Amino acid sequence: FTFKTTLNTKLCIINRRMKMYGIEILLEEHKNILKFVNFTREECKKILNGADIDVTLFKECVSFGKNYADHHHHVKEEEILFKKMTEHLGKTAETIIKNGMLVEHDLGRLYISELETALNRYETKKDDDSKLDIISYMTAYGHLLNRHIDKENNAVYTFAERQLNVQLKEEIDKETKVFDEIQEEIALKEKALAWLNTKTAVS
């Protein structure tokens, strides 16, 4: 009995400490998204200090938000990690995901949509209201991402790594690899990160 109990305890510890490929990838993507957030904040500060709004640049920011942060990253969370958590980790996980993370994903999509609308309006009118909306929605989006990522890194992901069993972790890792090996996703990722690295290198 003592041996069995000790073995089970050690297996639980090993399970909690296993580094999940799926989560490691999401953490790495978070670093890129935060790099993007810092860049957009600096661009907004330039406008406050008198610079003109570079509509083309901000539309590129919208594209990064839609394609990399949302489609490549958030969809991977929603369709793989979060799905497994809500299916297997009970009420706590369901509350965290459905009432927290998914709500914030949708809020981010709203901010990006409103930012795009303001940019299109500004192109035509060059008005102060549009300029204010551009700054407001860009900074709100960045603030949301900062807080959202902090919660995922320090609470949601650690909860998943602690509670998911080995089989579910392996399934998440496998599904993440399959997603990341889709040619369209490879191209999307490479294009987005090339843009980000170019912009942040000169900012």
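Please read these numbers as outputs of a predicted model, since none were measured by experiment. (Residues numbered from 1 in each chain as written. Predicted model: local features only at pLDDT ≥ 70, side-chain atom pairs only at ≥ 80, totals over all residues. Heavy atoms only, no water.)

Enquirer: It is not clear to me how helix α4 (residues 90-125) should be interpreted in this structure. Could you clarify?
Expert: In an α-helix, one full turn covers 3.6 residues, which means residues spaced three or four apart are oriented alike. The terminal C-alpha atoms of α4, which comprises 36 residues, lie 51 Å apart, in line with the 52 Å expected from a rise of 1.5 Å per residue. Along its length, α4 reaches its greatest deviation from straightness, about 30°, at I97. One or two steps after α4, the chain reaches K126, where phi turns positive at roughly 55°. (Helix = DSSP H or I, 4+ residues; strand = E, 2+ residues; numbered from the N terminus. Expected span 1.5 Å × (residues − 1). Bend = angle between axes of the 7 residues up to and from the residue.)

Enquirer: Is there a simple way to think about the nonpolar core in this case?
Expert: For soluble globular proteins, nonpolar side chains are generally found buried alongside one another. The biggest cluster of nonpolar side chains holds 32 residues, and the ones touching the most others in it are F36, F58, I134, M138, Y141 and W195. Contributions of two or more residues to this core are made by α2 (21-48), α3 (55-88), α4, α5 (128-163) and α7 (183-202). For this core, the leading source of residues is α3, giving 8 residues. The residues touching Y141, leaving out its near neighbours within four places in the chain, are F36, G65, A69, G108, Y111 and I112. Listed in part, the 19 residues of the second largest apolar core include I23, A93, I97 and I172. (Core = buried A, V, L, I, M, F, W, Y, C linked by side-chain atoms within 4.5 Å. Buried < 20%, exposed > 50% of the residue type's maximum accessible area, 1.4 Å probe, protein only. Contact = heavy atoms within 4.5 Å.)

Enquirer: Would you explain unusual backbone geometry in this entry?
Expert: Excluding glycine, most residues fall at negative phi; most peptide bonds, likewise, are trans. Positive phi, close to 55°, is recorded for K126, a residue that is not glycine. Inspection of the secondary structure assignment puts K126 in the loop between α4 and α5.

Enquirer: Help me understand the pattern of salt bridges, please; the structure alone is not making it clear to me.
Expert: Once the charged atoms of two side chains with opposite charge are near each other, the side chains can pair. Counted by the stated rule, this structure contains 16 salt bridges. Among the ionic pairs, K66 bridges to E116, the shortest N-O distance being 2.7 Å. Here the residue K66 occupies a position in helix α3, and E116 occupies one in helix α4, the gap between them amounting to 50 residues. Given a relative accessible area of 37%, K66 falls into the partly exposed group. Exposure remark for E116: the relative accessible area of 29% places this residue in the partly exposed category. Each of D70, E78, D106 and R109 takes part in one network of salt bridges that share partners. (Salt bridge = Lys/Arg side-chain N within 4 Å of Asp/Glu carboxyl O.)

Enquirer: Sorry, what's going on with α2 here?
Expert: End to end, α2 covers 41 Å across 28 residues, agreeing with the expected 40 Å (1.5 Å per residue, within 8%). Just beyond α2, the residue with positive phi is G50, at close to 110°.

Enquirer: I keep staring at the packing of α2 against α3 and nothing clicks. Help me out?
Expert: Across the interface, α2 lies against α3 with an axial gap of 11 Å and an inter-helix angle of 155°. It follows from the interaxial angle that α2 and α3 lie roughly antiparallel. Between α2 and α3 the crossing geometry is left-handed. (Axes fitted to C-alpha atoms, helices over the stretch in contact; angles between N-to-C directions. Parallel < 35°, antiparallel > 145°, perpendicular 65-115°, else oblique. Left-handed = near helix turned anticlockwise from the far one by under 90°.)

Enquirer: Even after reading the chapter, I still don't get the packing of aromatic side chains, so can you show me in this structure?
Expert: For any pair of aromatic rings, the description rests on two quantities: the centre-to-centre distance and the angle between the ring planes. Enumeration according to the criterion identifies 6 aromatic pairs in this entry. Ring geometry for F36 versus F64: centroids 4.5 Å apart, planes at 25°, classification stacked. Taken as a pair, F36 in helix α2 and F64 in helix α3 lie far apart in primary sequence, 28 residues in all. Given the relative accessible area of 0%, F36 is considered buried. A residue is classified by how much of its surface remains accessible, and F64, at 3% relative accessible area, is buried. Measuring from ring centre to ring centre gives 5.7 Å for F64 and W195, while their planes differ by 35°; the resulting arrangement is tilted. Within this pair, whereas F64 is found in helix α3, its partner W195 is found in helix α7, the two being separated by 131 residues in sequence. Just as F64 is buried, W195 falls in that class too. Across the ring face of Y21, the terminal group of K177 is positioned such that the distance to the ring centre comes to 5.0 Å. (Phe/Tyr/Trp six-rings, centres within 6.5 Å; stacked < 30°, edge-to-face > 60°. Lys NZ or Arg CZ within 6 Å of the ring centre and 35° of its normal.)

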